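Breakdown of the fold
Next come the chains, spelled out residue by residue.
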Amino acid sequence: MLKNGRKRNAPSQPGRPQPANGSLIELRRVVKKYTGTAGSVTALNGVDLQIGVGEFVVVLGKSGAGKTTLVNMITGIDRPTSGEIRVAGTAVHALGEDGRAVWRGRNVGVVLQFFQLLPSLTVVQNVMLPMDLADRYPIPQQRKRAMYLLEQMEIAEHAHKLPTAVSGGQQQRIAIARALANDPPILLADEPTGSLDSSTARSVFAVFQDLVRQGKTIVMVTHDQDLARQAQRSVLLADGEIVGKWG
Amino acid sequence: MKVRWYKVLHDLLSNKKRSVLVVLSIAVGVLSVGLATGAQTILGRELPAGYLTTDPAGAKFITTPFGDDLIDTIRRVPGVRDAEGRRSMGARFQTGPDEWRSVSLFAIPHFDDMRVNKIHPVQGAWPPSDHEILIEQAAMEIARAHVGDEVVIRMSDGKERRLLVVGVVHDPSQQPATFGGSIYGYVTMETLEWLGAPRDYDELYITADPQVRDRGEVRRIAARVREKIEDSGGLVLATTVPEPGKMTLQDAVDAITVLLSAFGIFILILSGFLVVNTLSALLGQQVRQIGIMKAIGARTSQVASLYLGIALVFGLLGVTIGAPLGWLGARWLAMFIAGIINSDVANLSVSTSVLGLEVGVGLFAPLLAAAVPVLSGTRVTVREALNDSGLGRGQFGTGWIDRRLRAIRGLPSAWLLPLRNAFRRKGRLALTLATLSLASAFFVAVISTYASALLSIDHGFEYWGMDLMINLDQPRRIARLERAASQVPGVVHVEPANSALVNRVYSDGTEGDIIYLLAFLADTASIKPDMVDGRWLLPEDEHAIVITNRFLDMDPGVRVGDSIRLKVMGKEMDWQVVGIAHLMLADGPTVYVNLPYLAREVGLQGRAGALYVHTTRHDAVSQLQTLQDLDRRFRSQGIGISSSVLLDDLRNAVSALFNAVVMILMIMATLLSVVGGLGLTGIMSLNVLERSREIGVIRAIGASDNDLLKVILVEGILIGLVSWLIGCLLAYPLAQTLCDAVGTAMIQTPLTFTFSAAGVLIWLALVVGLTSAACYLPARGACQITIRETLAYE
């Protein structure tokens, strides 16, 4: 749970992009093929998906179903082979690699698999890094905001430790704090609870639920059916296609 | 400070050994550039400036005696700025009990009002009083004298006088005494008269007007001066017109410093290879971190700037260490080179442009080196970066070389593993091999240059068949000389000879540079000329002359069969060129003529001014003993010796010059080896770091510390041996180039080339030692990692 159970006033509120229509995230006929030495593999095969503001969507599926590819399409980490992806009015599929990085830094919070914190930076510095890269706040304010986010995640006392000195659950909270650094409206998390024990996983999931209550839109990939049931909406992927939707 | 720079700081500090190696490597590169270019700048500025403060002579005339009235006349010749008369005398200087060296005594009329070829006081009294002597600073050691000593001067007639050494001076117009073996002394006109010389002058020095910078123009002025001398009833025996403003050995200094600068820049480039390897490795290790940064919004340029920032910090630290050392080194090297050529460096300040160059190249070279790996490493897409497993890089087995290596069978695994490991990172291996191979090539090339220099000296001295040369007080009857010499124990044979300084007279009446004319018997055993065209002299030759390669340096157009006119002792004589000989070691243009013919032409039939002596034993002690015995015998018979040269002294002087040059080159080759060693240590550290997990596996299946040490040391030594082989192949053409450059700079002719097998073997031993030392630290580091740590390493 987030500290105080509700959102406090953040030190600053960056401007938010507004969706062009009712959907904050919209995927149209998205196809992604990977070509390797073993031949061509279709990871996503004509996926259509709309996600509205403030939704908490869980993406389910077996290993190799295309879950991570789907999240990578929305975050701009990867480009579709064909199809369109619009997030908060931005045609992400049309942006170049650097353009997507800049856009992502300002508009999307990403929680990667296995936490993916920079081992050479302290906890607070990891959280400050997206603000630094996006040039969003002056340095003192970056630190203040990072500490605020760490307090929200209830790990402020570990702020000056290196990531390797804290537990897996705490590392995941740091990753979430980092994803929130630039106060993005959208949070995408790729199996954030995959490497956590069930109790820690539940606590991390609770954090996401709190964020949704604060107005964030969250897309989360998971294997965990129990957690998925607690989300507002679930999307089931199989062989690169959406084969089921709930909620 | 922005958060991203904390990452740079951490990356620099997280592997201190690696950072230290890179910084040291850059520092050595900066030091090399600073050392070479700094010395070049100091010498380029100070040597000509210092030389010009002496008001060097534009022309020197050796004449029949003249007085002050002629000097006043010459000062009024158009184009002449000033003129000064001096007298010089050859004598012998006692350097020990019964040990004598040649001394050139210069009588200067007005020490406090020198106009040309000024000498500067260095120590002691100035000016000298009567019966006192000042000694040139470079001659103090061979004179074995100190200020305050009383020294004995023996004139050619055998008379001895005592002079008090009252001071030390610097005379930049003279060739360093250490090269020629002759002492230079400076006395008053009265002292020289007391020593037995006439009071009038026999040398005239002039300086040309400041606007005259062309040698041809100075020659025209010299021709006008010559006319005035002859109008006054005098005779010009020889004229020298040196290149205006150019000091002795200036070309040699320029060539050596340019060579050093090239070395320095080359070392810096090689030090950049370690930056490339290190940053490639760092980027390889941090692919996932790059992906994370990009995933949270970093642009490629932002990521690239972080790694270029690391290169910049490496460069900054390298400059911080290397630039001051380069500054100190440049001062030392400038003083060392100036010392060799007996020049003073008044101002040792290294110009800001050199410091700017050091800082510029120290920062720019690592950035340039880092640019390729950084730009390719940071261009990775987020998905590729996040999917990077750390495998697939530096894997063995896919390339042509790998397949060949795989075919090798029967080797124990302790040899097979390092052999294959060495080729896993082929790009890194290529850069390390390039560094070490070039270090090998330069080292062997420098040793070969030294061997070639020694061989050239041997060849040069093969020219001389005698053991000592004696110049007599005056031309003496040859029969009398032979009789007197034959009574001296140890003397096998003596040969008469004559020498003179002559000038070529061109068809337009102008005169060329000084030429050394040597007159021998045609069947001489004292010199062994190396004929490259035409023939040697025959006993019946009259107008025949043999010219040398050094003569052709001055007048390249002359061929066998041509006729040339020379002014010999004031008399113009025509000669037919019958042959061209190659001289390895010579001070300047040299020609040979038949002694009997020349003696007859100048009225000295049956007489000789010099004697070349062949002794039973050829070592320095025997040569000196024979000279002392000859001296005693000749004096007892009233024959004076004005100067003498032992062949062994001459060899030592020439060797000293080459040793100094080779020592400077060896410093640069050593710096190159240091960079090579640092590069290898760097690559082995990176290899060990990247293979930590593999090392853990090897240890987990039972490898001992010794097994690990062996695998890593064998890999390093293998790289060293391959570099040795490549280096030796490269060394051959490089050594030839170096021998040509050094030879041309020092003796105006390429060295006799020999490829040093000893150098090849010495470097083999050194490379094994160097690579073992370079691998030891990384190998020890690998042994200290626990299995748990290695398997956890990411």
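Everything numeric in this text was worked out from a predicted model, so none of it was measured.

So, about the overall build of chain A. A tally of helices and strands in chain A yields 7 helices and 10 strands. Within chain A, the fraction of its 247 residues that count as buried is 52%.

Bringing the confidence of the model for chain A into the picture now. All names here are of chain A. Across chain A, pLDDT averages 84, with 89% of residues at or above 70. Highest mean pLDDT in chain A belongs to strand β4 (residues 82-87) (93); lowest belongs to strand β10 (residues 241-246) (80). Note that residues 4-20 has pLDDT below 50 and, in this model, 28 contacts with residues that lie over four places away or in other chains.

Right, let's get into the interface of chain A and chain B. Bring the parts together and some accessible area is lost; that lost area is often taken as the interface size. Contact with chain A, which involves 25 residues of that partner, is made by 23 residues of chain B. For the side of chain A that touches chain B, the elements supplying multiple residues, two or more each, are α2 (97-107) and α3 (123-134) of chain A.

Here the focus is helix α22 (residues 705-747) of chain B. Maximum bend of α22 of chain B: about 35 degrees, positioned at A731 of chain B, with proline P733 of chain B one to four residues after it. A positive phi of about 60 degrees marks Q748 of chain B, the residue just after α22 of chain B.

All names here are of chain B. Across the interface, helix α2 (residues 16-52) lies against helix α20 (residues 647-690) with an axial gap of 9 Å and an inter-helix angle of 160 degrees. Relative to α20, α2 is oriented roughly antiparallel. Note that α2 runs across α20; the crossing there is left-handed. From α2, K17, R18, L21, V22, L24, S25, V28, G29, L31 and S32 reach across to α20, where they touch M668, L671, V674, V675, L678, G679, T681, G682 and S685. Here the residues of the contact of α2 with α20 are counted per class, giving 10 nonpolar, 7 polar and 2 charged.

Residues and elements named next belong to chain A. Pairing is antiparallel in the open sheet, where 4 strands are placed in the order β2-β1-β4-β5. In this open sheet, the two strands that pair with only one neighbour each are β2 (39-52) and β5 (90-91). Of the strand pairs in this sheet, strand β1 (residues 23-36) and β2 are connected by 11 bridges, and their pairing is antiparallel. Within β2, the position partnered with S23 by the bridge is G52.

Quick look at the environment of P184 of chain A now. Residue placement: P184 of chain A occurs in the loop between α5 (168-179) and β7 (186-190). Those residues in contact with P184 of chain A, other than ones at most four positions away along the chain, are N107, V108 and G109 of chain A.

All names here are of chain B. Burial analysis of strand β8 (residues 183-187) places 5 of its 5 residues in the buried class, the great majority of the element. Residues I183, G185 and V187 of β8 are buried on one face, and the alternating residues Y184 and Y186, pointing to the opposite face, are buried as well. In this structure, strand β3 (residues 99-107) lies alongside β8, joined through 5 bridges in parallel fashion. The partner of F106 across the bridge, within β8, is Y186. Examined bridge by bridge, strand β5 (residues 132-136) and β8 share 2 bridges and lie antiparallel to one another. Within β8, the residue paired with L134 across the bridge is Y186.

A cis amide bond links W126 of chain B with the next residue in sequence, P127 of chain B, at an omega value of -5 degrees. Here P127 of chain B shows up in the loop between β4 (120-124) and β5. The phi torsion at E191 of chain A lies on the positive side, around 45 degrees, for a residue other than glycine. Classification of E191 of chain A by C-beta neighbours within 10 Å gives buried; the count is 20. Even without being a glycine, N117 of chain B presents a positive backbone phi close to 45 degrees. Among the structural elements, N117 of chain B can be located in the loop between β3 and β4. Classification of N117 of chain B by C-beta neighbours within 10 Å gives buried; the count is 21.

Basis of the calculations
- All chains use their own residue numbering, which begins from 1 and follows the written sequence.
- Each chain is given a letter, starting from A, and each ligand a number, starting from 1, according to the order in which they appear as written.
- Only residues with pLDDT of at least 70 are given local features in this predicted model, and only at 80 or more are side-chain atom pairs given and counted; all residues enter the totals for whole chains, interfaces and linings.
- Secondary structure elements follow DSSP: runs of H or I of four or more residues count as helices, runs of E of two or more count as strands, with numbering from the N terminus.
- Exposed residues have 12 or fewer other C-beta atoms within 10 Å of their own C-beta, buried residues have 20 or more, and residues in between are partly exposed; the C-beta atoms are placed from the backbone.
- On a range of 0 to 100, pLDDT expresses the predictor's confidence in each residue.
- For every residue pair, C-beta atoms are placed from the backbone, and the pair is scored as a contact if these atoms sit within 7 Å.
- What the bend at a residue measures is the angle between two axes, fitted to the seven residues ending there and to the seven starting there.
- Only the stretch in contact is used when a helix axis is fitted, and all axes are lines through C-alpha atoms; the angle between N-to-C directions ranges over 0 to 180 degrees.
- Oblique is the label for every angle not falling under 35 degrees (roughly parallel), over 145 degrees (roughly antiparallel), or within 65 to 115 degrees (roughly perpendicular).
- The crossing is said to be left-handed when, going from far helix to near helix, the turn is anticlockwise and less than a right angle, and right-handed when the turn is clockwise.
- Residues are grouped as follows: Ala, Val, Leu, Ile, Met, Phe, Trp, Tyr, Cys and Pro are nonpolar; Asp, Glu, Lys and Arg are charged; every other residue, Gly included, is polar.
- When DSSP locates at least two bridges between a pair of strands, those strands are taken to pair.

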